[in-house]
Amino acid sequence: MKQLIQWRKLNGDRVKGLIEDEIRSVIVREKQMGHDLKVCIGTDSQVKGKEIEFATVIVFIRKGKGGFMYIHNEITQQKMSIKQRMLVEVSKSIEVAYGLCRLFTLYNVDMEVHADINTNPNFKSNDALKEAMGYIMGMGFAFRAKPDAFASSSCANKVVQ
């Protein structure tokens with residue numbers, strides 16, 4: 001994740017420099033303020049004509065005191081089945097989680113990877129559940145799917161809608 005990927009805050013302010021540096025300073029600041037932090041990383045996508053828009057979010061939760069997030073958008077022209085799209089979402093989240101996990105471990109911040117995949121077999125996205133869960137947990141990350149995956153199914157979803 002060393003190439004400069006453009007991240008922004010919810011208010012639209014762009015992150016200058018590497019997201020790793022921003023996240024490190026945010027963790028230090030929040031810890032100094034006495035906040036107990038948890039981070040949830042998730043991605044959602046939306047098909048818009050011939051394009052697919054992906055949004056990846058890094059959601060910080062100040063336990064009992066609200067939260068804030070960072071957002072990255074990408075658009076692709078590539079055609080994908082729903083299962084492919086779900087697994088691309090998961091891989092985008094894992095890429096971010098993997099790039100930041102050393103920081104979270106160093107500063108003792110709990111992290112989860114959220115997948116916008118339904119646990120109900122009646123939904124098409126459920127086809128990707130086993131692979132997504134195996135991929136995320138195989139990387140050593142805590143996994144959440146719908147309805148517990150708010151980072152992807154609520155936060156990232158609002159960005160791509």
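Student: It is not clear to me how the pattern of salt bridges should be interpreted in this structure. Could you clarify?
Tutor: Opposite charge on two side chains lets them pair, provided their charged atoms get close. Enumeration over the complete set of coordinates arrives at 12 salt bridges. Residues E112 and K38 are paired through a salt bridge, measuring 3.0 Å at the closest nitrogen-oxygen approach. Placement of the pair is E112 in strand β5 (residues 110-118) and K38 in strand β2 (residues 37-48), with a sequence separation of 74 residues. E112 sits in the buried class, given a relative accessible area of 8%. Here K83 ties to E131 by a salt bridge, and the two come within 2.7 Å at their closest N and O atoms. Taken as a pair, K83 in helix α2 (residues 82-106) and E131 in helix α3 (residues 129-138) lie far apart in primary sequence, 48 residues in all. For K83, a relative accessible area of 31% puts it in the partly exposed group. Judged by its relative accessible area of 34%, E131 is partly exposed.

Student: Is there a simple way to think about the packing of helix α1 (residues 19-32) against α2 in this case?
Tutor: Two packed helices can be described by the angle between their axes and the distance between those axes. Interaxial distance between α1 and α2 falls to 10 Å at its minimum, and their mutual angle equals 25 degrees. As far as their axial angle goes, α2 and α1 are roughly parallel. The crossing of α1 and α2 is right-handed. Residues I19, E20, I23, R24 and I27 of α1 form the contact with α2, whose own contacting residues are G99, L100, L103 and F104. Grouping the constituent residues of the contact of α1 with α2 by class yields six nonpolar, one polar and two charged.

Student: Can you walk me through the environment of F104 in this structure?
Tutor: Tracing the chain through its elements places F104 in helix α2. As for F104 and I58, which are separated by 46 residues in sequence, their C-alpha atoms are 12 Å apart.

Student: Explain the packing of α2 against α3 to me, please; I cannot follow it from the model alone.
Tutor: Contact geometry for α2 and α3: axes closest at 10 Å, N-to-C directions at 15 degrees. With respect to their mutual orientation, α2 and α3 come out roughly parallel. Between α2 and α3 lies a crossing whose hand is right-handed. On α3, the residues touching K83, L87, V90, S91 and I94 of α2 are E131, A132, Y135 and I136.

Student: Got a minute to help me understand the sheet that holds β2 in this structure?
Tutor: The strands making up a sheet are joined through hydrogen bonds of the backbone, oriented either antiparallel or parallel. The sheet built from six strands is open, its strands ordered β1-β4-β3-β2-β5-β6 with mixed pairing. The open sheet is flanked by β1 (8-9) and β6 (142-146), the only strands paired with a single partner. Of the pairings in the sheet, the one linking β5 to β6 comprises four bridges and is parallel in character. Paired with H114 across the two strands is R144, which belongs to β6. Running over the sheet, α2 touches β2, β3 (51-62), β4 (67-76) and β5 and is turned about 155 degrees from β2.

So, how was this worked out
- Here the residue numbers are simple positions, counted from 1 along each chain's written sequence.
- Totals for whole chains, interfaces and linings use every residue, but because this is a predicted model, local features are given only for residues with pLDDT of at least 70 and side-chain atom pairs only at 80 or more, for both listing and counting.
- Side-chain metrics rest on all non-hydrogen atoms present in the structure, leaving aside hydrogens and water.
- Within this document, salt bridges are pairs made up of a side-chain nitrogen of Lys or Arg and a carboxyl oxygen of Asp or Glu, the two lying within 4 Å of each other.
- Only DSSP runs of H or I covering at least 4 residues are called helices, and only runs of E covering at least 2 are called strands; the numbering of each starts at the N terminus.
- Whether a residue is buried, partly exposed or exposed follows from its accessible area with a 1.4 Å probe, protein chains only, as a fraction of its type maximum: under 20%, in between, or over 50%, in that order.
- All axes here are fitted lines through C-alpha atoms, helices being fitted over the stretch that makes contact, and every angle between N-to-C directions spans 0 to 180 degrees.
- When describing relative orientation, an angle under 35 degrees is termed roughly parallel and one over 145 degrees roughly antiparallel, while 65 to 115 degrees is termed roughly perpendicular and anything else oblique.
- Handedness of a crossing is defined here by the sense of rotation of the near helix relative to the far one, left-handed for an anticlockwise turn of less than a right angle and right-handed for a clockwise turn.
- We call two residues in contact whenever any of their non-hydrogen atoms come within 4.5 Å of each other.
- Each residue is assigned to one class: nonpolar for Ala, Val, Leu, Ile, Met, Phe, Trp, Tyr, Cys and Pro, charged for Asp, Glu, Lys and Arg, and polar for all the others, Gly among them.
- One requirement defines pairing of two strands: DSSP has to find at least two bridges between them.

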